[in-house]
Each structure stands twice: as C-alpha cells, then as structure tokens.
Amino acid sequence: MNLIDLIKRFRGKLSVALSLVVIENVAWILEPAIFGGVIDAMIGRVSSTGLRPQLFSFDAGLFPLAVWIGVYAINSGTGVLRRIVDQKIFLGIFTHLAADVARIAKGQGHSVSRTAARAQLSREYITFCQYRLPEILEQIIAIVGAMIALAAFDWRIAAACSTMILPLVVLNLLYSKRVSISQKEYHDRYEDIYEVFAAGDPERVKAYYTALARPQQRIANWGAFNFGVMRVVLLAVFLVVLYISIDLNPFTTGTIYAIVAYLWTFVSSSEYLPELMESWTSIKDISRRLHDEGDDRNRTPVYQPAHAEAVEEVH
C-alpha cells in the first residue's frame, strides 16, 4: 500500500474533490485583477466628474463590480460545497484504509499494539489526500496564476519573483533530507505508544513523550531556519517589485492593488512549501512501514534500562 495505489483505487472520488479545489482557486486567483478594475472605475468617475462615486451606477463600474461578485460567488459557493463533500468522501476512504492496514498487519504477524499504531499513522494518508493534495493544487494555482498576472502587468516584476525559485528549490531539498531522518525516528517511537500506556507507569509515559518530542523539535528547528532564509530573499524581491511598480510604471491605484495582492499570494504560497514537504516525507516513511515484513533492525531504540529499578530512559 502506498499513496499512488490509494489515489488509483479511489481516483473517481478524489477527482470530484480535487475538481472543486481547482474551480474554487481559479476563481480566487482572478479576484484581485477584477477588483482592481472596480477600484479604477470608481476613481475614474470621481476624477472626471468630481462627484462622489455611486457604487451601483453603470459608469462607476457596475459591470466590473457584477463580474467580481460573480467570481466571488463561485469561489465561496464552491468552497462551501467542497467542505461538505470532502468529509463524506474521505471518511469512507479511511474506513477502507484501516481495514487494509489490519489485513496486512495480520499477514505479517505484527503485534496488536503496532497494528493499532500503524492504523492511526495511516490516517496521514487521508490527511494528505484531504488537505495536502488540495493545498498543493492551491499553491500551484496561486504561484503560477500570480506569476502570469504579474507578467501581464510588467514582465520585470515576474522576472524579479522568478529569482527566488533557485534558493527555494535548494532550501526545500535540504529541508526534506533533514526532516525525513527525524520523521523516521518519530514514527519508530510512535509505534510503541500502546505498549507504553499498557505498562501503567506514569514515569515511563513521561519519558516516552519527552523522547517523542525530540524529533518533532528538530523538524520545527529546520522549518524555522527555512522560513528565516526565505523571508530574507522575499524581502529583496518585494522591494524590487515595489520599485518597478511605483517608480518605473504609471500604474493606476487599482493596478497597484492587484500587483500587491498577487505579490502577497506569491510570497505566502512560497512560504507554505516546507510544510507540504514535511507532510510528503511523512507519507513516504509510513508507506515504507506498511510494506515492511516486521524487521526491527533499523528501528530507533526506544528503551535501554540503566538498571532494574531505574526509570527507563528514552534515547
């Protein structure tokens, strides 16, 4: 069992869920440009007549306003529908997945504790498909859509944003490599959770969760490093874009609004990539576990008692 097999098996249901994601986010990425047109239409009326803009006056921008409301309605309506449909789809998929994990574990002779833990870990498949796959699509649509929109305003803006692609790729490859090691350690320890509680020793539980927190903290530290470096790069990009937009072009107020909106979309989507990489490395490790045959030689050791009466320390 792996993620590709799961996607193939439930491709019909997943196609419905992901189609709603695409419709919702294409509508969302169109909104800033359309709303910028509404702003310019209203400001244009003030400039030409000196009158206070009337929102529903045709010459003040009724048509672009109607278009924006329509796009907003598509975005919001599809979002509501998706949140209803998703639960029905993914709860059903997890029911099948948990049964498959139990069947595989029984064939491989795993203990009840490890089988239960792996069934719980396998829920990350559902989390990935329900949340991460849509988020990946959202970020792709956001980044590509923002780049296209920015290039339409001025190719130099898009070129400035593209300069961060190389550091973004390098940082995320390094992040993925480091995080995968910590993910394996975390999952190794997590598989012993039921045995730890079955022992009925509060000190053992405390030591267990202390050890369980260590790989999670290392993942957080690498995420913080990745975030900090990217923020420095993004600051430079943002300043260049502002210079191009304000000093080199006679852009209207609405256009500047749209440019800033698309720039923030590009920035926020880029910052979200490490979290998606973390989820992907976790899924790969869980897939490996569900395919193994019970060989524990490469598992992280959980306890090594110092002596018979000592509290078992976690390494």
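Up top is the structure these notes are about.
Residues numbered from 1 in each chain as written. Predicted model: local features only at pLDDT ≥ 70, side-chain atom pairs only at ≥ 80, totals over all residues. Heavy atoms only, no water.

1. Thoughts on the overall build of the protein chain
Secondary structure summary: the protein chain contains 10 helices and zero strands in total. Of the regular secondary structure in the protein chain, the N- to C-terminal order runs α-α-α-α-α-α-α-α-α-α. For the protein chain, the residues scored as buried account for 44% of the 315 residues in total. Across the protein chain, contacts joining residues at least 24 apart in sequence account for 82% of those joining residues at least 6 apart. (Helix = DSSP H or I, 4+ residues; strand = E, 2+ residues; numbered from the N terminus. Buried < 20%, exposed > 50% of the residue type's maximum accessible area, 1.4 Å probe, protein only. Contact = heavy atoms within 4.5 Å.)

2. Quick word on the nonpolar core
By size, the foremost hydrophobic cluster in this structure holds 26 residues, and its most contacted members are I157, C161, M164, V241 and Y262. Contributing elements (two or more residues each) for this core: α5 (123-153), α6 (155-162), α7 (165-190), α9 (202-246) and α10 (253-291). Residues in contact with C161, not counting those within four places in the same chain, are M147, L150, V237, V241, L263 and F266. Core analysis: the next-biggest nonpolar cluster, separate from the first, contains 16 residues, I93, Y125, I126 and F128 among them. (Core = buried A, V, L, I, M, F, W, Y, C linked by side-chain atoms within 4.5 Å.)

3. Some details on α5
Between its first and last C-alpha atoms α5 spans 44 Å; for 31 residues at 1.5 Å apiece the expected length is 45 Å, and the two agree. Of all the bends in α5, the greatest, near 35°, is centred on C129. (Expected span 1.5 Å × (residues − 1). Bend = angle between axes of the 7 residues up to and from the residue.)

4. With respect to the pattern of salt bridges
A side chain with one charge can pair with a side chain of the opposite charge if their charged atoms come near. One pass over the structure, following the stated rule, counts nine salt bridges. Taking the shortest distance from any N to any O, the salt bridge between E138 and R82 comes out at 3.6 Å. A residue pair is termed long-range when its members are at least 10 positions apart, and E138 in helix α5 and R82 in helix α3 (residues 62-108) qualify at 56 residues. Neither residue differs from the other here; E138 and R82 are each classed as buried. The partner of D188 in a salt bridge is K184, and the shortest N-O contact between them spans 2.9 Å. Here K184 and D188 lie together in helix α7, a separation of four residues that amounts to about one turn. For D188, a relative accessible area of 1% translates into the label buried. Judged by its relative accessible area of 24%, K184 is partly exposed. Bridged by salt links that share partners, the residues E24, R82, R83, D86 and E138 form one connected network. (Salt bridge = Lys/Arg side-chain N within 4 Å of Asp/Glu carboxyl O.)

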